[in-house]
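Next come the chains, spelled out residue by residue.
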Amino acid sequence: MRGFAPSMDASRSPESVFDALATRRMLIVSGKGGVGRTTVAALLGLALARRGRRVLVATVGQDDRLAWMLGLPTLSDTPVAASRGLYVQRVVPHVAIREYGALMLHSERVASAVFDNGPMRRLLRTIPGLDDFAILGKVWHEAIRARSFDAIVFDGPATGHLRYTLGIPQAILRTLTVGPLPREARLMQDSLEDPSKVQAVLVGLPDRWPLTELGEMATSLREELHVGIGAVVVNGLWPTGLPELAPDSPPDSTTDPAAARVLAATTVVARQARRQRESVTAWLAAETGLRTSSTATARGPAPVVALPWRFQGFAGLPDLEQLLAGLERPVLTDM
């Protein structure tokens, strides 16, 4: 597998990574289910907004976690302000299809009559890939063509589905040569291949095999779909610096039970933190010397950023702001 060259670079702080990502118009956040990609999407949106950008965080998620993290009760299918310069929206496939239809027909009224029609909506749901193309097209249109916002952070599909979604424009170009669809697909593909406009941010947990799969996804995006990688986020690192205090043998009768429990809990945290960092180090070491991809070299290294595990979770915008303010640890390495 190709793509990583571990070398500690203290100059690539999380702040500098956010500064670089803030210059892009569209960031696609992806990772396996449960790795925290919605949290990272919200964090990126907040970081970019704090840098003076007018940002939309768009999601296809069916729950309202993104809204809750940013202090809103629920998500809407239109942009809603969460804080200064920061907006959120749920992208709904049939709404995206209708809006695309209005763009092509040059009439919102005609598009509503056609695409809000029950039988037509049922027919459109039978077309493979249409929903995914409409969602990708909606986000791309607002970010690149309409420039409705300075930047759009797309809380996209899980990595298993991301390759399929981002590959739709290529599939259209291989099968169609005339008409509005291939024209749109060509424009979308050109943007996806331009790392100054569009980049992916991949999220994984600090364990060897999940990170290995994430590296394979990064290689696939770069080499097959020609999508640049803006950053890899290793999410959920347990705190370091705690000693492994608990003895391996059971405590005797003279040991204070309360003290024994504290020692045991401290040791659990310390050992888990050590295992995580050993996993990340082994993953990085396995990639040493394998940056042979001309595509990866041309687009430069993508930083790997560490996020701490929050045992207390996220109750709202202040918690996200606290996490952003505390991101002073250096980037682990370069990819």
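Reading the values: the criteria
- Residues numbered from 1 in each chain as written.
- Predicted model: local features only at pLDDT ≥ 70, side-chain atom pairs only at ≥ 80, totals over all residues.
- Heavy atoms only, no water.
- Helix = DSSP H or I, 4+ residues; strand = E, 2+ residues; numbered from the N terminus.
- Buried < 20%, exposed > 50% of the residue type's maximum accessible area, 1.4 Å probe, protein only.
- Contact = heavy atoms within 4.5 Å.
- Areas by Shrake-Rupley, 256 points an atom, 1.4 Å probe, with all protein chains shown as cover.
- Polar contact = N/O pair within 3.5 Å; in protein donor to acceptor, adjacent residues only side chain to side chain.
- 1 Å grid on protein atoms, 1.4 Å probe; cavity = no way out; pocket = protein on both sides within 12 Å on 5 of 7 lines; lining within 4 Å.
- Points joined across faces, edges and corners; volume = space filled by probe spheres on them.
- Nonpolar A, V, L, I, M, F, W, Y, C, P; charged D, E, K, R; others polar.
- Salt bridge = Lys/Arg side-chain N within 4 Å of Asp/Glu carboxyl O.
- Core = buried A, V, L, I, M, F, W, Y, C linked by side-chain atoms within 4.5 Å.
- Phe/Tyr/Trp six-rings, centres within 6.5 Å; stacked < 30°, edge-to-face > 60°.
- Lys NZ or Arg CZ within 6 Å of the ring centre and 35° of its normal.
- Expected span 1.5 Å × (residues − 1).
- pLDDT = per-residue confidence, 0-100.
- Axes fitted to C-alpha atoms, helices over the stretch in contact; angles between N-to-C directions.
- Parallel < 35°, antiparallel > 145°, perpendicular 65-115°, else oblique.

Attention shifts here to the overall build of the protein chain. Counting its secondary structure elements, the protein chain contains 13 helices and nine strands. Per-residue burial over the protein chain gives 49% buried out of 335 residues. Summarising the internal contacts of the protein chain: among those between residues at least 6 apart in sequence, 76% fall at separations of at least 24. Here the protein chain has roughly 15,600 Å² of accessible surface; of this, 57% comes from carbon and sulfur atoms.

Okay, helix α7 (residues 130-145) next. Across the 16 residues of α7, 13 count as buried, placing the element largely inside the fold. Positive backbone phi, at 50°, marks Arg147, one or two positions downstream of α7.

This part takes up the side chain of Lys138. Take Lys138: it is sitting in helix α7. By relative accessible area, Lys138 is classed as buried at 14%. Within the structure, Lys138 has its side chain in polar contact with the side chain of Glu142 (distance 3.0 Å). Discounting chain neighbours no more than four positions away, the residues touching Lys138 are Gln89, Val91, Ala96 and Glu99.

Take the environment of Leu307 next. Turning to its location among the elements, Leu307 is positioned in strand β8 (residues 303-308). Leaving out residues up to four positions away in the same chain, Leu307 has contacts with Val40, Leu43, Val233, Val234, Asn235, Gly236, Leu237 and Leu327.

Let us look at empty space enclosed by the protein. Scanning the entire structure with this criterion turns up three cavities of 30 Å³ or more. The calculated volume of the largest cavity comes to roughly 70 Å³. Mapped onto the lining of the largest cavity, the elements with two or more residues apiece are α1 (14-21), α2 (37-50), β7 (229-237) and β8. Taken together, the residues of the lining of the largest cavity sort by class into ten nonpolar, no polar and no charged.

Take the pattern of salt bridges next. Counted by the stated rule, this structure contains twelve salt bridges. Among the ionic pairs, Glu321 bridges to Arg50, the shortest N-O distance being 2.5 Å. Separated by 271 residues along the polypeptide, Glu321 in helix α13 (residues 317-325) and Arg50 in helix α2 bring together distant segments of the chain. The salt bridge partner of Lys138 is Glu142, with a shortest N-O separation of 3.0 Å. Residue Lys138 and its partner Glu142 are located together in helix α7, separated by four residues, close to a single helical turn. Glu142 shares its class with Lys138; the two are buried.

So, about the nonpolar core. If you look at the biggest cluster of nonpolar residues, it comprises 42 residues, and the most contacted ones within it are Met26, Ile28, Leu166, Leu202, Leu221, Ile229 and Trp283. Considering each element in turn, this core owes the most residues, seven residues, to α7. Within the second largest apolar cluster, 40 residues are counted, among which are Ala42, Leu66, Leu75 and Leu317.

A word on the packing of aromatic side chains. In total, this model carries three aromatic pairs according to the counting rule given. Measuring from centroid to centroid gives 5.3 Å for Trp238 and Phe311, while their planes differ by 70°, and the two rings are edge-to-face. Of the two residues, Trp238 sits in the loop between β7 and α11 (257-286) while Phe311 sits in the loop between β8 and α13, which places them 73 residues apart along the sequence. Lying across the ring of Tyr87, Arg54 places its NZ or CZ 4.8 Å from the centre. One Lys or Arg, Arg310, reaches over the ring of Phe314 and ends 4.8 Å from the middle of that ring.

This next bit is on α11. Spanning 30 residues, α11 covers 43 Å between terminal C-alpha atoms, matching the ideal 44 Å at 1.5 Å per step. Residues of α11 that are buried: Ala260, Thr266, Thr267, Val269, Ala270, Ala273, Gln276, Ser279, Val280, Trp283 and Leu284.

All right, on to the confidence of the model for the protein chain then. Of the residues in the protein chain, 83% reach a pLDDT of 70 or more, and the chain-wide mean stands at 83. Ranking the elements of the protein chain by mean pLDDT puts helix α12 (residues 294-299) last with 41 and strand β5 (residues 151-155) first with 98. With pLDDT under 50 throughout, residues 1-11 is counted as low confidence; its partners more than four residues away or in other chains account for 40 contacts. Here residues 288-299 scores under 50 on pLDDT; set against residues more than four positions off or in separate chains, the count is 23 contacts.

Attention now goes to the packing of α2 against α13. Between two packed helices, both the angle of their axes relative to each other and the distance between the axes serve to describe the pair. Here α2 crosses α13 at 75°, and the two axes come no closer than 10 Å. Between α2 and α13, the interaxial angle falls into the category roughly perpendicular. Within the contact between the two elements, α2 uses Thr39, Ala42, Leu43, Leu46, Ala47 and Arg50 and α13 uses Leu317, Leu320, Glu321, Leu323 and Leu324. Across the contact of α2 with α13, the residue classes break down as eight nonpolar, one polar and two charged.

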